[in-house]
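Structural description and commentary
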Amino acid sequence: MMKSAILSLLVASASAFAPASQYARAGSVALNAEEMSKSIPFLVRPEKLDGSMPGDMGFDPMRLSDIQTDLNYARWAEIKHGRICMLAIVGMVVQQAGIHLPGAQFTNTDVFGAVKSVGFAGNLQVLLAIGVIEAMNFKKHYGEGTPGDIGWGNDQLYKLSPDQQKVRQEQEVVHGRLAMIAFTGAIVQTLLFGGKLIG
């Protein structure tokens, strides 16, 4: 019984590798090479991911862009989470290296224990600062503005040519994605093994 079940599963999975029919069915759409995703070449590029946004490589295997009415909102969220994770992973490594603010409450190098040792007042200050920044930028998520531009800093980015601006914006998106992966890995490593991230 077990052998026949395994054999039927193998036959069923082998059909996935069978060559497709050369004749198109009536009403089917032929796919061109230009419509395939740059990131996953065997998947069709979603319609809204046309490469116009910095960092857009057509990666959307779950087709979430199809249900998004405004991709600027999704890009704002991606840039915001990327920036937070860039700060978080650097903060985790720096804290564990022994560099910290003066005071006994800032000496805890444990990722989860540090939040507790800072105390209620310190955590409240951080949450209030985050809340003020979010309230100031809440309405910028929708509309024609540049995703991620919260109006801080200087105008060095806008002195560059449009191609150079796109390269810099793409670098931020890519580094943010890497930081989100690094942060997730750091949390998993801390939960599983404890100890320092590096060394």
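Keep in mind the model is a prediction, meaning the values are calculated, not measured. (Residues numbered from 1 in each chain as written. Predicted model: local features only at pLDDT ≥ 70, side-chain atom pairs only at ≥ 80, totals over all residues. Heavy atoms only, no water.)

Comments concerning helix α4 (residues 162–193)
Since there are 3.6 residues in each turn of an α-helix, residues three or four apart along the chain are aligned in direction. Rules: Segments assigned H or I by DSSP are reported as helices when at least four residues long, segments assigned E as strands when at least two residues long, and all are numbered from the N terminus. Multiply 1.5 Å by the residue count of a helix minus one, and that product is the helix's expected span. With a 1.4 Å probe rolled over the protein chains alone, any residue whose accessible area is under 20% of its type maximum counts as buried; one over 50% counts as exposed, and the rest are partly exposed.
For α4, with 32 residues, the first-to-last C-alpha span of 46 Å sits near the 46 Å given by 1.5 Å per residue. Residues of α4 that are buried: Q165, V173, G176, A179, A186, I187 and T190. Looking one or two residues beyond α4, the residue adopting positive phi is G194, at roughly 70 degrees.

Topic: the pattern of salt bridges
For clarity, the cut-off: Any Lys or Arg side-chain nitrogen located within 4 Å of an Asp or Glu carboxyl oxygen qualifies as a salt bridge.
Across all of its chains, the model carries five salt bridges by this definition. One salt bridge in this structure joins E78 and R177, with 2.5 Å as the shortest N-O distance. With E78 in helix α2 (residues 71–96) and R177 in helix α4, the pair connects residues that are 99 residues apart, well separated along the chain. Judged by relative accessible area, E78 falls into the partly exposed class, the value being 21%. When its relative accessible area of 28% is taken as the criterion, R177 is described as partly exposed. Where R83 meets E172, a salt bridge forms, and the shortest distance between an N and an O atom there is 2.5 Å. Taken together, the residues span a long stretch of sequence, with R83 in helix α2 and E172 in helix α4 at a distance of 89 residues. Classification of E172 by relative accessible area gives partly exposed; the value is 25%.

With respect to the side chain of S65
Test applied: By definition in these notes, contact holds between two residues if any of their heavy atoms fall within 4.5 Å.
Within the secondary structure layout, S65 lies in the loop between α1 (2–14) and α2. With sequence-adjacent residues up to four places away left out, S65 is seen in contact with P46, K48, L49, D60 and L71.

Observations regarding α2
Over its 26 residues, α2 runs 37 Å from end to end, which matches the ideal 38 Å to within 8%, given 1.5 Å per residue. Inspection of α2 places L71, N72, R75, W76, I79, G82, C85, I89, M92, Q95 and Q96 among the buried residues, and these make up the whole buried set. Considering only its buried residues, α2 is in contact with α4. Note on α2: the residue one or two positions beyond its end, G98, has a positive phi of about 100 degrees.

Quick word on a nonpolar patch on the surface
We apply this condition: Surface patches are drawn from residues lacking salt bridges whose relative accessible area is over 30%; two like charges belong together within 9 Å, two nonpolar side chains (Val, Leu, Ile, Met, Phe, Trp, Tyr) within 5 Å. Areas reported here follow the Shrake-Rupley algorithm with a probe of radius 1.4 Å; residue values treat only the protein chains shown as occluding.
Taken together, V132, I133, M136 and W152 make up a surface patch of nonpolar side chains, about 400 Å² in accessible area. Relative to the elements of secondary structure, W152 occurs in the loop between α3 (113–137) and α4.

Points about the confidence of the model for the protein chain
Threshold: The pLDDT value tells you how sure the predictor is about a given residue, anywhere from 0 up to 100.
Averaged over every residue, the pLDDT of the protein chain is 80; the share at 70 or more is 81%. Taken together, the stretch residues 12–33 has pLDDT below 50 and engages in two contacts with residues farther than four places along the chain or on a different chain.

Re the environment of G195
Tracing the chain through its elements places G195 in the segment after α4. Remark: the alpha-carbon pair of G195 and D110, spanning 85 residues in sequence, is separated by 7.4 Å.

Side note on the nonpolar core
Soluble globular proteins: nonpolar side chains tend toward being buried together. Where we set the bar: Note on terminology: a nonpolar core comprises buried Ala, Val, Leu, Ile, Met, Phe, Trp, Tyr and Cys residues joined through side-chain atoms within 4.5 Å.
Among the nonpolar cores identified, the biggest contains six residues, and these are I89, M92, V111, A186, I187 and L197. Elements represented by at least two residues in this core include exactly α2 and α4. Every residue in contact with M92, bar those within four places of it in the chain, is listed here: V111, F183, A186, I187 and L197.

A look at the side chain of Q96
This is how it is decided: A 3.5 Å cut-off defines polar contacts: any pair of N or O atoms within that distance qualifies, except that in protein one atom must be a possible hydrogen donor and the other a possible acceptor, and neighbouring residues in sequence count only when both atoms are side-chain atoms.
Position of Q96 among the secondary structure elements: in helix α2. Among the polar contacts made by the side chain of Q96, one reaches the main-chain carbonyl oxygen of T109 at a distance of 3.4 Å. Ignoring sequence-local partners within four residues, the contact set of Q96 consists of T109, V111, G195, K196, L197 and I198.

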